[in-house]
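# Structure assessment
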Amino acid sequence: MNHLLTMTELTIEDIEGILYDARQFADGKAWRLGKQVFVANLFFEPSTRTRFSFEVAERKLGIDVLHLEETNSSVQKGESLYDTVRTLQAIGANAVVIRHPRDEYFNELKNGISIPIINAGDGCGNHPTQSLLDLLTIKQEFGSFKGLRVLIVGDIRHSRVARSNAEVLTRLGAIVSFSAPSEWQDETNPYGTYIDLDVGLKEADVVMLLRIQHERHDSSMTLSKEEYHHKYGLTIQRGNNMKTGSIIMHPAPINRDVEIAGELVEAKNSRIFKQMENGVYIRMAVLKRVLQYAEGGVLV
Amino acid sequence: MNHLLTMTELTIEDIEGILYDARQFADGKAWRLGKQVFVANLFFEPSTRTRFSFEVAERKLGIDVLHLEETNSSVQKGESLYDTVRTLQAIGANAVVIRHPRDEYFNELKNGISIPIINAGDGCGNHPTQSLLDLLTIKQEFGSFKGLRVLIVGDIRHSRVARSNAEVLTRLGAIVSFSAPSEWQDETNPYGTYIDLDVGLKEADVVMLLRIQHERHDSSMTLSKEEYHHKYGLTIQRGNNMKTGSIIMHPAPINRDVEIAGELVEAKNSRIFKQMENGVYIRMAVLKRVLQYAEGGVLV
Amino acid sequence: MNHLLTMTELTIEDIEGILYDARQFADGKAWRLGKQVFVANLFFEPSTRTRFSFEVAERKLGIDVLHLEETNSSVQKGESLYDTVRTLQAIGANAVVIRHPRDEYFNELKNGISIPIINAGDGCGNHPTQSLLDLLTIKQEFGSFKGLRVLIVGDIRHSRVARSNAEVLTRLGAIVSFSAPSEWQDETNPYGTYIDLDVGLKEADVVMLLRIQHERHDSSMTLSKEEYHHKYGLTIQRGNNMKTGSIIMHPAPINRDVEIAGELVEAKNSRIFKQMENGVYIRMAVLKRVLQYAEGGVLV
């Protein structure tokens, strides 16, 4: 594994390997490359959670972090993404983590950049470490994906996670359903069937709520927040109707009382903050993979 | 001591303990938790001085620093402060340092957040590490607070420091006076009496100048900068009238030739930059306290 | 060597010493001060490349980095540059790296600041570490500067590098020529003669392209990008006309297809990314010099 760009590139074996390593890190195992390593985190969109998750993962691996956010960069001077990344490679970065608003920004990098690229989110496209941390959370809970019913609720069309999660969960043997307002349904996503929210909730093992991504829509939502919560949100009543043993997931940041009632965010069956914790272990595992492939290194 | 939120929460014993540890750090003592520790510094208002002071303190204790400034965060996506801090806790922060423009922002955090919170300034309210570094500076100079005359000059009403310093200095046995333009006097602050500046200066052991905080006023100051300097500033002439052995303090950043004549900033009896140096030791002491309480650790 | 402010201050011996140390670092040598060291990087203008180059250099020397960018600072509260730097000194910075849009900003710092100042670019004036990395790149290639023909092309008038490079190259024995549109010629720069680009290219050992610094001009360029490229850019055809053994240099960031054809950026005789790599070694050498002067330290 040289880069980590999309989930579809990963085989089942790749995924199982990453989940295995992540659980090792969750159990306190360490890994070192045996030399000073620099990783550049380039965020061309703000993201507290993903940024700090990578940063903690990197520091736990003893990596020196170079952090760049959009507004602080030569990008303003009209430099191409390729030249920015090529520069960081020249300066000594051993790998680069990139979040960028352009779909598949990485296509312009694959030729010419020789250090590993980890995709931390591209436009409405991919966010593979988010998908992997979701898989880790589900695996921790249920041990396996076979036959699990996963209900993805909300903005299917604009979510980075909906498509890639549905694809990989299907590949792993889960049964995926979607609930969404008609304007946010996505006919190009073949990895799930649309179902009424209240019907789906009663059967689902995993209720995966998506963020309303106000910042990605051209038009404003036609529903008010209250209407959305009433029709598509996990209200307290809907929380009570969930199947025994089922769990709540959300990629965050959360719009409280829109996608989910504020009181349910830290409910007993919510794994929302567990997902965030798992994000660190997944990113450690992914960094280990790409750096080990590029440079060697040992589990200690 | 779990959190450090306000000075009024601290007992005399707490304060003496922090000042003792700070002097140990000033003398070159080190302290380590014996494991990797992350502290997140969340600044929802800019502050070079306080930010770097905490950052140096953290690094001197071997702590990994996560730094967030207002404009770079998911806060823009409408996330609550609670959710941001809860996220950092999930990701692995062992403590959080927060500066926020809202008075007593920490009340929404106390329930639910289990890692220590260090208040680095809330609105017009509290700034306990600033008060503590002022106390350290006075203690280094005079050995004791009993009977010391402290004159606080300037924007009593809008200053984070005026109220909490006056309270704690009174508690420690000092005699506090204020000099301020009438519109910046604060009748709700019972810990000092108003006095004419030129009278107060001749008696004071400590002349504590406050910043004109342009950014916190709705209306502009009615006095021009020159008028302010003439009426309430420490002019060169007033500097000459100060009591033998007395010292000048200012929390900075300084408006030169407004609160204080530029030539007096580094005068022989100015402790302004000494205060900044002491800020690092105080923050080391406070970090040690809250982390030791939360996680253990040893002085080495 | 206490500060590094301008190239003209450096003797030939100083320069040779820095180039020697830089080559040691390029060969993998390490150097440590033997105690915890803080360096503050203050960037009052954005610069990905210079910022990260210093940051990597610092981390490779085991230095703790304090990073400040313009918009995040108390500078907004009206603090002078002197007070900001004096504060960082008080807080514990052992040296400071500064980029500032004001020409010779450092003149207000020399009195009063006792820690070393490394100039990372002042206005249209100096950028000594850029000049030094250019010298290292030329020295690596040709072994010596004596009699080398260096052609500097582009915005001679507004470039930080043109003047100081021309001066030092002349001092080291090279023969410098300039090619520039008439409005960007600089009669105050006596260290080169103007020559037609196509004539100069055939003789030059080093073709040093300058950036079009849109952000430093009051008026817009009178030539379009296409016209500039046609008249003053290194087109593919001009690249073919370069002398055998000659090299292409550019300080970056690059405006592709303006100063240089995109296809030539990574041409076999381009040293553009090599320059960036060398920047790290030069900055390590400069940091070693000033810190060693100020504090001691050993090559390990």
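Sequence order as written defines residue numbering, which begins from 1 separately in each chain. Chain letters start at A and ligand numbers start at 1, both assigned in the order the entries are written. For a predicted model such as this one, the threshold for reporting local features is a pLDDT of at least 70, and the threshold for listing and counting side-chain atom pairs is 80 or more; totals across whole chains, interfaces and linings nevertheless cover every residue. For the side-chain quantities, the full set of heavy atoms in the structure was used; hydrogens and water were omitted.

### Topic: the relation of the copies chain A and chain C
- Copy-to-copy superposition: least squares on the C-alpha atoms, limited to residues that have pLDDT of at least 70 in both copies. It takes a turn of 120° to lay chain A on chain C, together with a shift of 0.0 Å along the axis; the resulting RMSD is 0.0 Å. Both copies of the chain, as the preceding transformation shows, are related through a three-fold rotation axis.

### Notes on the sheet that holds strand β5 (residues 117-122) of chain B
All names here are of chain B.
- The strand order β3-β2-β4-β5 describes an open sheet built from four strands, whose pairing is parallel. With one partner strand each, in any of the chains shown, β3 (64-69) and β5 form the two edges of the open sheet. Going from strand to strand, the sheet's axes swing by 10° on average, the running direction of each strand aside.
- Relative to β3, strand β2 (residues 38-43) runs parallel, the two sharing six bridges. The pairing criterion is simple: DSSP has to find at least two bridges between the two strands. What counts as a helix is a DSSP run of H or I of at least four residues, what counts as a strand is a run of E of at least two, and both are numbered from the N terminus. Convention adopted: a line fitted to C-alpha atoms gives each axis, helices being fitted over their contacting stretch, and angles between N-to-C directions are expressed from 0 to 180 degrees.

### Description of the interface of chain A and chain C
- Counting residues at the interface gives 20 residues for chain A and 24 residues for chain C.
- Summed over both partners, buried area is the accessible surface (1.4 Å probe) that two parts give up on being assembled. Contact between chain A and chain C buries roughly 2,100 Å² in total, counting both sides, with carbon and sulfur atoms accounting for 52%.
- In the sections that follow, a salt bridge refers to a side-chain nitrogen of Lys or Arg positioned within 4 Å of a carboxyl oxygen of Asp or Glu. For the pair chain A and chain C, the interface holds four salt bridges.
- A salt bridge links A:R86 to C:E266, with the nearest nitrogen and oxygen atoms 3.0 Å apart.
- We call two N or O atoms a polar contact when they sit within 3.5 Å, provided that within protein one can donate a hydrogen and the other can accept it, with sequence-adjacent residues counted only if both atoms are side-chain atoms. Inspection of the region where chain A meets chain C yields nine residue pairs in polar contact (both at pLDDT 80 or more).
- Every element with two or more residues in the side of chain A that touches chain C is listed here: β3 (64-69) and α3 (81-91) of chain A.
- Each residue receives one of three labels: charged for Asp, Glu, Lys and Arg, nonpolar for Ala, Val, Leu, Ile, Met, Phe, Trp, Tyr, Cys and Pro, and polar for the others, Gly being one of them. Here the residues of the side of chain A that touches chain C sort into eight nonpolar, seven polar and five charged. Whether two residues are in contact is decided by their heavy atoms: any pair within 4.5 Å suffices.

### Digging into the pattern of salt bridges
Residue and element names in this part refer to chain B.
- A complete count under the given rule lists 48 salt bridges over all chains for this structure.
- Here E187 makes a salt bridge to R157, at a shortest N to O gap of 3.8 Å. Here E187 is found in the loop between β7 (175-179) and β8 (193-194), whereas its partner R157 is found in the loop between β6 (149-153) and α5 (160-171), with 30 residues between them in sequence.
- Its relative accessible area of 39% is what places R157 among the partly exposed residues.
- A salt bridge links R238 to D198; the shortest N-O distance between them is 2.9 Å. Of this pair, R238 sits in helix α8 (residues 236-241) while D198 sits in helix α6 (residues 197-203); the two residues are 40 residues apart in sequence, bridging distant segments of the chain. Exposure is judged per residue with a 1.4 Å probe applied to protein chains only, and the accessible area is read against the type maximum: over 50% gives exposed, under 20% gives buried, and values in between give partly exposed.

### Some remarks on the side chain of A:R99
All names here are of chain A.
- Mapped onto the elements, R99 comes out in strand β4 (residues 95-100).
- Note on charges: Lys and Arg go in the positive column, Asp and Glu in the negative column, and His and the chain ends are not counted at all. The side chain of R99 is buried and forms no salt bridge, while E45, the nearest opposite charge, is found at 4.3 Å.
- At 3.1 Å, the side chain of R99 and the side chain of H127 are in polar contact.

### Some details on the packing of helix α4 (residues 128-142) of chain C against helix α9 (residues 272-295) of chain C
All names here are of chain C.
- Their axes nearest at 8 Å, the elements α4 and α9 cross at an angle of 115°. α4 and α9 meet at a crossing whose hand is right-handed. In contact with T129, Q130, L132, L133, D134, L136, T137 and Q140 of α4, α9 contributes K274, Q275, N278, G279, I282, R283 and V286.
- Of the residues in the contact of α4 with α9, the class split is five nonpolar, seven polar and three charged. What makes a crossing left-handed is the near helix being turned counterclockwise from the far one by less than a right angle; a clockwise turn instead makes it right-handed.

### Side note on helix α1 (residues 12-26) of chain B
Residues and elements named next belong to chain B.
- To estimate how far a helix should reach, multiply one less than its number of residues by 1.5 Å. In this model α1 runs 21 Å from its N-terminal to its C-terminal C-alpha over 15 residues, within 8% of the 21 Å that 1.5 Å per residue would give.
- Taken together, the buried positions of α1 are I15, G17, I18, L19, D21, A22, Q24 and F25.
- Positive phi shows up at G28, right after α1, with a value of about 95°.

### Focus: the domain arrangement of chain A
Residue and element names in this part refer to chain A.
- An automatic or database domain assignment provides the domain bounds reported here. Segmentation of chain A into domains returns domain 1 (12-127 + 277-299) and domain 2 (128-275).
- Just the C-alpha atoms count here: the centres of domain 1 and domain 2 sit 26 Å apart.
- Contact residues are listed per partner, giving 27 residues for domain 1 and 25 residues for domain 2.
- With both chains or domains summed, domain 1 and domain 2 bury close to 2,300 Å², and 58% of this area falls on carbon and sulfur atoms.
- Across the contact surface, domain 1 and domain 2 share 13 residue pairs in polar contact (both at pLDDT 80 or more).
- Elements supplying a minimum of two residues to the side of domain 1 that touches domain 2: α1 (12-26), α2 (48-60), β4, β5 (117-122) and α9 (272-295).
- At seven residues, α1 tops the list of elements feeding residues into the side of domain 1 that touches domain 2.
- Looking at side-chain class alone, the side of domain 1 that touches domain 2 contains ten nonpolar, nine polar and eight charged residues.

### Notes on unusual backbone geometry
- Each neighbour pair has its own omega, and for A:A252 with A:P253 the value is 0°, a cis peptide bond.
- Summarising the element assignment, A:P253 is placed in the loop between β10 (247-249) and α9.
- A positive phi angle, close to 65°, is found at A:A252, a residue other than glycine.
- Structurally, A:A252 is set in the loop between β10 and α9.
- If you check the backbone angles, C:E104 has positive phi at about 50° while not being a glycine.
- Residue placement: C:E104 occurs in the loop between β4 (95-100) and β5 (117-122).
- The partly exposed category is assigned to C:E104, whose relative accessible area is 42%.

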